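What follows is the residue order along each chain.
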Amino acid sequence: MRYKFPIKKVKNWYALEISCAKCKTPIAIYQKAGKGNLIKMQFHRIIEAQNDIKNIPGHLICHKCDNILGNRGKYKNKDTFWIVRGQINTQVLRNYKYKK
């Protein structure tokens, strides 16, 4: 089951598909703004997810291979997953259209 969340209006954003580096299972589609690597995933920028990852109490874990992908924390008083380096793959979705 896919969960859809409302997106926030941000200039020059693009969609990133995030998947597990170990088993290649898709985890989420994320609204990325700016250049650079993905270091943290802020909850309010998650567009779609395989599981309801906003209600996970602890680490972000792949539901297929139980690999730890990120640690839960705060950034500017917003809930965030801090990505463990080398544990995720990202792919830019060029023609992604958000549908409610």
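Above this text sits the structure in question.
Position numbers for residues start from 1 in each chain and track the written sequence from start to end. Since the coordinates come from a predicted model, pLDDT governs what is reported: local features require at least 70, and pairs of side-chain atoms require 80 or more to be given and counted, while whole-chain, interface and lining totals use all residues. Only hydrogens and water are set aside when side-chain values are computed; all heavy atoms of the structure are taken into account.

**Here we look at the overall build of the protein**
1) Next: Looking only at helices and strands, the protein features zero helices and nine strands.
2) Next: When accessible area is computed with a 1.4 Å probe and restricted to protein chains, residues below 20% of their type maximum are described as buried, those above 50% as exposed, and intermediate ones as partly exposed. Counting every position in the protein, which comprises 100 residues, the buried fraction comes to 33%.
3) Next: Taking contacts inside the protein between residues at least 6 apart in sequence as the whole, the part at least 24 apart equals 50%.
4) Next: For accessible areas, the Shrake-Rupley method is used with a probe of radius 1.4 Å. Any residue's cover is judged against the shown protein chains and nothing else. For the protein, the accessible area works out to roughly 6700 Å², and carbon and sulfur atoms hold 49% of it. The helix count covers DSSP runs of H or I at least four residues long, the strand count covers runs of E at least two residues long, and both are numbered beginning at the N terminus. By definition, residues are in contact when any of their heavy atoms lie within 4.5 Å.

**Structural notes on the pairing of strand β2 (residues 13-20)**
1) Next: Judged from the seven bridges that link them, β2 and strand β3 (residues 26-33) form a sheet pairing that is antiparallel. Note on β3: the bridge partner recorded for Trp 13 is Ala 33.
2) Next: Linkage of β2 to β3, two consecutive antiparallel strands, is achieved through a turn of five residues, within which Lys 24 is found at a positive phi near 65°.
3) Next: In this sheet, strand β9 (residues 88-93) lies alongside β2 in antiparallel orientation, the contact comprising six bridges. Following the sheet pairing, Ser 19 is matched in β9 by Asn 89. Paired strands, as defined in this entry, are two strands with at least two bridges between them according to DSSP.

**Re the packing of aromatic side chains**
1) Next: Working definition: rings of Phe, Tyr and Trp (its six-membered ring) pair if their centres are within 6.5 Å, and the pair is stacked with planes under 30 degrees apart, edge-to-face with planes over 60 apart, and tilted otherwise. Throughout the structure, instances matching the rule amount to two aromatic pairs.
2) Next: Relative to Phe 81, the ring of Phe 43 lies with its centre 4.9 Å away and its plane at 45°, an arrangement referred to as tilted. Here Phe 43 is found in the loop between β4 (40-42) and β5 (46-49), whereas its partner Phe 81 is found in strand β8 (residues 78-83), with 38 residues between them in sequence. Both residues of the pair, Phe 43 and Phe 81, belong to the buried class.
3) Next: Ring geometry for Tyr 75 and Trp 82: centres 6.0 Å apart, planes at 80°, overall edge-to-face.
4) Next: By relative accessible area, which is 28% here, Tyr 75 ends up partly exposed.

**A closer look at the environment of Ile 46**
1) Next: Within the element layout of this structure, Ile 46 appears in strand β5.
2) Next: For Ile 46, a relative accessible area of 1% gives the class buried.
3) Next: With 18 residues separating them along the chain, Ile 46 and Ala 28 place their C-alpha atoms 7.1 Å apart.

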